[in-house]
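Here is what each chain is made of, one letter per residue.
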Amino acid sequence: MAYFSSKPNITKEQSNKECVIAMVFGFCIIFFVYSCLIYLGSFYSASIQNIPPTSILPTIVQMALGSISDYIISFTLIIATLVTAIALTSVTVDYITNRINLLKNRKILVLNTSVLATFVFSAMGFSSIMDFLMPILKIFYPLTIIILMINMVKLYNKRRKDTKYA
């Protein structure tokens, strides 16, 4: 939202419209990717039954694409990881520096701390991270989806009420 609202000569309505278009576009891409992953998982389910969870995706890609898969999955994972890390770090630093008065003008300190914490977590390895996060995600992921749905219904009702009296 900050990107769209920072553009000169753009109204809030145009900014909201561009945000919705970006969200729909992102949703369509993610829906397509997850649909493909579900299809591939079901298609190769018999072949991956005894494979450890950390090796399922590379194994499916190897079966589907053959020998070139190593380069494709490496490139894809590097780009996806970097993009996600940059976005999450940026959002985290902005959020912390905007919410905690003590850290308002200390973006570099918060950024360095965030990168250090990320490094420590990454050194734990995928299995350790999943063992740590799985109980937390089992509780908060469904709650987050429920809160999101409630907020979407509230927003829809508010907009419907606003347009009804306009």
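Residues numbered from 1 in each chain as written. Predicted model: local features only at pLDDT ≥ 70, side-chain atom pairs only at ≥ 80, totals over all residues. Heavy atoms only, no water.

**A closer look at the overall build of the protein chain**
- Scanning the protein chain for helices and strands turns up six helices and zero strands.
- Shown N-terminal to C-terminal, the secondary structure of the protein chain runs as helices and strands in the order α-α-α-α-α-α.
- Principal-axis analysis of the C-alpha atoms gives the protein chain an extent of 60 × 45 × 35 Å.
- Classification of the 166 residues of the protein chain by burial places 10% in the buried group.
- At a minimum sequence separation of 6, the contacts of the protein chain that also span at least 24 residues come to 11%.
- For the protein chain, the exposed area adds up to about 14,100 Å²; of that, 71% sits on carbon and sulfur atoms. (Helix = DSSP H or I, 4+ residues; strand = E, 2+ residues; numbered from the N terminus. Buried < 20%, exposed > 50% of the residue type's maximum accessible area, 1.4 Å probe, protein only. Contact = heavy atoms within 4.5 Å. Areas by Shrake-Rupley, 256 points an atom, 1.4 Å probe, with all protein chains shown as cover.)

**A word on the packing of aromatic side chains**
- With the rule as written, the count across this model stands at four aromatic pairs.
- One aromatic cluster is present, formed by Tyr 39, Phe 43 and Tyr 44 through successive ring pairs. (Phe/Tyr/Trp six-rings, centres within 6.5 Å; stacked < 30°, edge-to-face > 60°.)

**A look at the packing of helix H3 (residues 56-65) against helix H4 (residues 69-99)**
- Running from amino to carboxyl end, H3 crosses H4 at an angle of 135 degrees, the nearest separation of the two axes being 9 Å. With respect to their mutual orientation, H3 and H4 come out oblique. Pair H3 / H4 crosses with right-handed handedness. Listed contacts from H4 to Leu 57, Pro 58, Val 61, Gln 62 and Leu 65 of H3 are Ser 69, Asp 70, Ile 72 and Ile 73.
- A breakdown of the residues in the contact of H3 with H4 according to their chemical character gives six nonpolar, two polar and one charged. (Axes fitted to C-alpha atoms, helices over the stretch in contact; angles between N-to-C directions. Parallel < 35°, antiparallel > 145°, perpendicular 65-115°, else oblique. Left-handed = near helix turned anticlockwise from the far one by under 90°. Nonpolar A, V, L, I, M, F, W, Y, C, P; charged D, E, K, R; others polar.)

**So, the pattern of salt bridges**
- A complete count under the given rule lists one salt bridge for this structure.
- When the shortest N-O distance is used, the salt bridge between Asp 94 and Lys 107 registers 2.9 Å. Here Lys 107 lies in helix H5 (residues 107-123) and Asp 94 lies in helix H4, a separation of 13 residues in the sequence.
- For Asp 94, a relative accessible area of 31% translates into the label partly exposed.
- For Lys 107, a relative accessible area of 44% corresponds to the partly exposed category. (Salt bridge = Lys/Arg side-chain N within 4 Å of Asp/Glu carboxyl O.)

**A look at H4**
- Here H4 contains 31 residues, and its C-alpha end-to-end distance of 44 Å stays within 8% of the 45 Å for a straight helix at 1.5 Å per residue.
- Taken residue by residue, H4 has Ser 69, Ile 73, Thr 89, Val 93 and Thr 97 as its buried positions.
- Here the buried face of H4 lies against H3 and H5. (Expected span 1.5 Å × (residues − 1).)

**Considering the confidence of the model for the protein chain**
- Mean pLDDT over the protein chain stands at 85; residues scoring 70 or higher make up 93%.
- Taken element by element, the protein chain is modelled with least confidence in helix H1 (residues 2-5), mean pLDDT 56, and with most confidence in H5, mean pLDDT 89. (pLDDT = per-residue confidence, 0-100.)

**Some remarks on the packing of H4 against H5**
- Interaxial distance between H4 and H5 falls to 9 Å at its minimum, and their mutual angle equals 135 degrees. Considering their axes alone, H4 and H5 lie oblique with respect to each other. Crossing geometry of H4 relative to H5 is assigned as right-handed. From H4, Thr 89, Thr 92, Val 93, Asp 94, Ile 96 and Thr 97 reach across to H5, where they touch Lys 107, Val 110, Leu 111, Ser 114 and Val 115.

**Notes on the side chain of Ser 69**
- Mapped onto the secondary structure, Ser 69 falls in helix H4.
- Among all residues touching Ser 69, those that are not within four sequence positions of it are Val 61 and Gln 62.

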